[in-house]
Amino acid sequence: VTLVVKGAVHRNSYRDSVELMGIAAQLEQLVGIQRAGLVMATRANLAVLAEAGLADAAASGPGPNDLVVAVADSFRTASVALGALRVSLGEVLGLATADTHHALWVTEFPLVERTPEGGWTFAHNPFCSPLGPADLALLDTDPERARSKQYDLVVDGKELGGGSVRIHQRPVQERIFAQLGTSKEDAALRFGALLDALEYGAPPHGGIATGIDRLVAMLGGTDNIREVVAFPKTQTGYDPLLEAPAAIDPGLMAELGLRVVAPPTTAEPASPGRPEQPAR
Amino acid sequence: VATADVGGLPGGILIGGVTDLRQTGIRPGMAFVPSADGWSIPSAGVGIDASRAATWSPTLPAAASLRLTAELARTVAAARRHAADRAPAGGLAPMLSGSDRGGDRGGDPWLTRARALIGSQLEALRLGDVAAAMAPTVGLMGLGVGLTPSGDDYLVGLLAGMEATDDPPRHGLAAVIAGHAPLRTTAIGAAALGQASRGAFAERLHDVLVALARGRLDQLAVPIERAMTYGATSGSDTLVGLFAALDVAIARSQRRPGAAA
């Protein structure tokens, strides 16, 4: 996968050299990247990239003073790496503006994706509707190309919210379950109520949820969401205003029929006859 | 504009007495314009008075002229070994070593392509066939990693070596390089190639050539190491070209009737 940065180099500017080294260092720190290359888009370099199967680097017509970043890995891993790099380049090269906001919709997400074991899993959740009948049919021939009715709202490079149109037809839901390797019996056991509801006549439906706190953080010009949350938690999850979590009253535990059981340790494996720990 | 420790640069202005240009208010990327007595950098509010500045010529000094002898061949071999032992991992550095240290880095496509083109170019130059050297020379321009791609750095070194040995094919080669550079490589790479085509080289390369001309092995280390510290791989890529030019000139001279063994 390649990323082209137009006008990355200014005439006789040592700054560009420093920035190139910084970018290279960033790429090397990304986890899971098999190989990353960072070259100027000269004719000779574009020819080498084309021979390596990266002909798309030349698609936007880059010139010698444009930068090409090529990352070799799975499409997903490489895309995630280049996405992160793209955001940081926006700041390094001064392409990101602080005084204006830019929003866009990301649509047509993949419906399913490969698992490391060679099976299939959902890209977002198993209830998202295929984009159309052709995408449903692709599950039989080329599942990775099947698209879904998912959408994200991105503002200034950050995900503000997302949602999807859900499946409202039982045969479609069953086909998705089958693609994910869920047997009919298992689907009936785990999702029987949903499948029955779809059969009784669910209308087409969808939704979206946006993070109001993220929006407020953007409008407030901060990257730290804790600055705009009314009851921010610490990094350990402690809420200093509500003093939560706190010790639970034993009487309340008893009233709810709860008790705390200590997790088994490797030195002393749990056994059916082991006495239970008292509630704390 | 650079600090004095960088050494003389073709088209460069060195400012003494500072180790970090930021102390002067000058920042990377600022434009500078000619003024009555030198230059000014308006963004930094800095004026450079060139009327009392010392000048330095990027043209190779007479002391850098090399005689093609067996002694020079031994000195060049020693210099290459010293550079190979200290070479960085990237660029053309594996070509510094006869044992090809690090190989092709798992099939580095830029190194593989450069190796093939350099092989063709040098074979043509060994035979004195300048016309056959043109195509691989053009192919090397803009090839490789870095802001000045490795192929550009190699060609700068090659031209420096040819200039020091007064190798006649350099004129034809320089004309081709100067003509193609603006379209084939980055603005910075083209500037370096344009200077080299006119026989202008950085002081660090002068020093390497002068040390080679003296033939004192104990005086080689400092200029070689200084030349290699330039850029990430630019220094070692340039030395690959410089040593290649000297190898070719020496090999050709040894084939001439009456050449020294």
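Definitions and cut-offs
Residues numbered from 1 in each chain as written. Chains lettered and ligands numbered in written order. Predicted model: local features only at pLDDT ≥ 70, side-chain atom pairs only at ≥ 80, totals over all residues. Heavy atoms only, no water. Pairing = 2+ DSSP bridges. Helix = DSSP H or I, 4+ residues; strand = E, 2+ residues; numbered from the N terminus. Axes fitted to C-alpha atoms, helices over the stretch in contact; angles between N-to-C directions. Contact = heavy atoms within 4.5 Å. Expected span 1.5 Å × (residues − 1). Buried < 20%, exposed > 50% of the residue type's maximum accessible area, 1.4 Å probe, protein only. Salt bridge = Lys/Arg side-chain N within 4 Å of Asp/Glu carboxyl O. Patch = residues over 30% accessible without salt bridge, like charges linked within 9 Å, V, L, I, M, F, W, Y side chains within 5 Å. Areas by Shrake-Rupley, 256 points an atom, 1.4 Å probe, with all protein chains shown as cover. Parallel < 35°, antiparallel > 145°, perpendicular 65-115°, else oblique. Left-handed = near helix turned anticlockwise from the far one by under 90°. Nonpolar A, V, L, I, M, F, W, Y, C, P; charged D, E, K, R; others polar. Core = buried A, V, L, I, M, F, W, Y, C linked by side-chain atoms within 4.5 Å. Phe/Tyr/Trp six-rings, centres within 6.5 Å; stacked < 30°, edge-to-face > 60°. Lys NZ or Arg CZ within 6 Å of the ring centre and 35° of its normal. pLDDT = per-residue confidence, 0-100.

Participant: I'd like a description of the sheet that holds strand S7 (residues 150–155) of chain A, backed by residues and values.
Facilitator: Residue and element names in this part refer to chain A. The sheet built from 4 strands is open, its strands ordered S4-S7-S8-S9 with antiparallel pairing. Strands at the two margins of the open sheet, each flanked by one partner only, are strand S4 (103–107) and strand S9 (205–210). Geometrically, the sheet is characterised by an average inter-axis angle of 15° between neighbouring strands, direction not taken into account. Note: strand S8 (residues 158–166) against S9, 6 bridges, orientation antiparallel. Along S9, the bridge assignment pairs Gly-162 with Ala-209. This element, helix H7 (residues 212–219), spans S7, S8 and S9 of the sheet and lies at about 150° to S8.

Participant: Talk me through the sheet that holds strand S5 (residues 46–49) of chain B; I want residue IDs and the actual numbers.
Facilitator: All names here are of chain B. Spatially, the 3 strands line up as an open sheet ordered S3-S4-S5, and their pairing is antiparallel. If you trace the sheet from one side to the other, it starts and ends with strand S3 (33–35) and S5, each paired once. Recorded for the sheet is a direction-independent mean angle of 30° between the axes of neighbouring strands.

Participant: Tell me what's going on with helix H9 (residues 234–255) of chain B, and back it up with residues and numbers.
Facilitator: Taking 1.5 Å per residue as the helical rise, H9 of chain B with its 22 residues ought to reach 32 Å, and the 32 Å between its terminal C-alpha atoms agrees with that figure. Most of H9 of chain B is tucked away: 18 of the 22 residues are buried.

Participant: Could you give me a rundown of the pattern of salt bridges, with the residues and numbers involved?
Facilitator: Under the definition given, this model contains 20 salt bridges over all chains. When the shortest N-O distance is used, the salt bridge between Glu-174 of chain A and Arg-170 of chain A registers 2.9 Å. Taken together, the positions of Glu-174 of chain A and Arg-170 of chain A, both in helix H5 (residues 170–179) and 4 residues apart, correspond to about one turn of that helix. Here Arg-126 of chain B and Glu-123 of chain B are joined by a salt bridge, their closest N and O atoms 3.3 Å apart. You can see Arg-126 of chain B and its partner Glu-123 of chain B sitting in helix H2 (residues 109–126), 3 residues apart, about one turn around the helix. A cluster of three or more residues bridged by salt bridges with shared partners is formed by Arg-170, Glu-174, Asp-196 and Glu-199 of chain A.

Participant: Could you give me a rundown of a nonpolar patch on the surface, with the residues and numbers involved?
Facilitator: Residues and elements named next belong to chain A. The grouping of Ile-212, Leu-215, Val-216 and Leu-219 at the surface amounts to a nonpolar patch, some 370 Å² of accessible area in total. Its location among the elements puts Leu-219 in helix H7. Here Leu-219 falls in the exposed class, since its relative accessible area comes to 61%.

Participant: Account for the packing of H2 of chain B against helix H4 (residues 150–164) of chain B, with residues named and values stated.
Facilitator: Residues and elements named next belong to chain B. Where H2 contacts H4, the axes come no closer than 13 Å and their chain directions differ by 15°. On the basis of the axis angle, H2 is roughly parallel to H4. As H2 runs across H4, the sense of the crossing is right-handed. Along the contact surface, H2 presents Ile-118, Gln-121, Leu-122 and Leu-125, while H4 presents Tyr-154, Leu-155, Leu-158 and Met-162.

Participant: Describe the packing of helix H4 (residues 133–141) of chain A against H5 of chain A, and please don't skip the residues or the numbers.
Facilitator: Residues and elements named next belong to chain A. For the pair H4 and H5, interaxial distance at closest approach is 11 Å and the crossing angle is 30°. Taken together, the axes of H4 and H5 lie roughly parallel to each other. Between H4 and H5 lies a crossing of left-handed hand. Contacts from Leu-136, Leu-139 and Asp-140 of H4 reach H5 at Val-172, Arg-175, Ile-176 and Gln-179. Along the lines of polarity and charge, the residues of the contact of H4 with H5 split into 4 nonpolar, 1 polar and 2 charged.

Participant: Before we move on, could you go through the nonpolar core and cite the residues and values that matter?
Facilitator: Counting residues in hydrophobic clusters, the biggest one holds 72 residues, and the most contacted among them are Leu-49 of chain A together with Tyr-154, Leu-158, Leu-209, Leu-212, Leu-239 and Phe-243 of chain B. If you tally residues by element for this core, the top one is H9 of chain B, at 9 residues. Those residues within four positions of Leu-209 of chain B in sequence are excluded, and the remaining contacts are Leu-60, Ala-64, Leu-66, Ala-160, Ala-164 and Leu-242 of chain B. By size, the runner-up hydrophobic cluster in this structure holds 13 residues, among which are Leu-3, Leu-38, Val-69 and Val-71 of chain A.

Participant: Help me get a handle on the packing of aromatic side chains, residues and values and all.
Facilitator: Enumeration according to the criterion identifies 4 aromatic pairs over all chains in this entry. Relative to Phe-191 of chain A, the ring of Phe-177 of chain A lies with its centre 4.8 Å away and its plane at 15°, an arrangement referred to as stacked. Taken together, the positions of Phe-177 of chain A in helix H5 and Phe-191 of chain A in helix H6 (residues 184–201) put the pair 14 residues apart, joining distant regions of the chain. Comparing Phe-177 of chain A with Phe-191 of chain A, the two get one shared label, buried. Grouping aromatic residues by their ring pairs yields a cluster made of Phe-127, Phe-177 and Phe-191 of chain A. Lying over the aromatic face of Tyr-230 of chain B, Arg-204 of chain B brings its terminal NZ or CZ to 3.4 Å of the ring centre.

Participant: Please give an account of the confidence of the model for chain B that cites residues and values.
Facilitator: Close inspection of predicted coordinates is inappropriate for parts of the model with low pLDDT. Residues and elements named next belong to chain B. Looking at chain B as a whole, its pLDDT mean stands at 88, while 93% of the residues score no less than 70. Within chain B, strand S1 (residues 2–3) has the poorest average pLDDT of any element, 80, and H4 the best, 97. Note on residues 99–103: pLDDT is under 50 here. Beyond four places in sequence and across chains, it has 11 contacts. Both scores are given for the predicted complex: the pTM is 0.73, the ipTM 0.85.

Participant: Give a description of the environment of Leu-136 of chain A that names residues and reports values.
Facilitator: Residue and element names in this part refer to chain A. Here Leu-136 lies in helix H4. For Leu-136, a relative accessible area of 23% puts it in the partly exposed group. For Leu-136 and Leu-160, which are 24 residues apart along the polypeptide, the C-alpha to C-alpha distance reads 28 Å. The residues touching Leu-136, leaving out its near neighbours within four places in the chain, are Pro-130, Val-172 and Arg-175.

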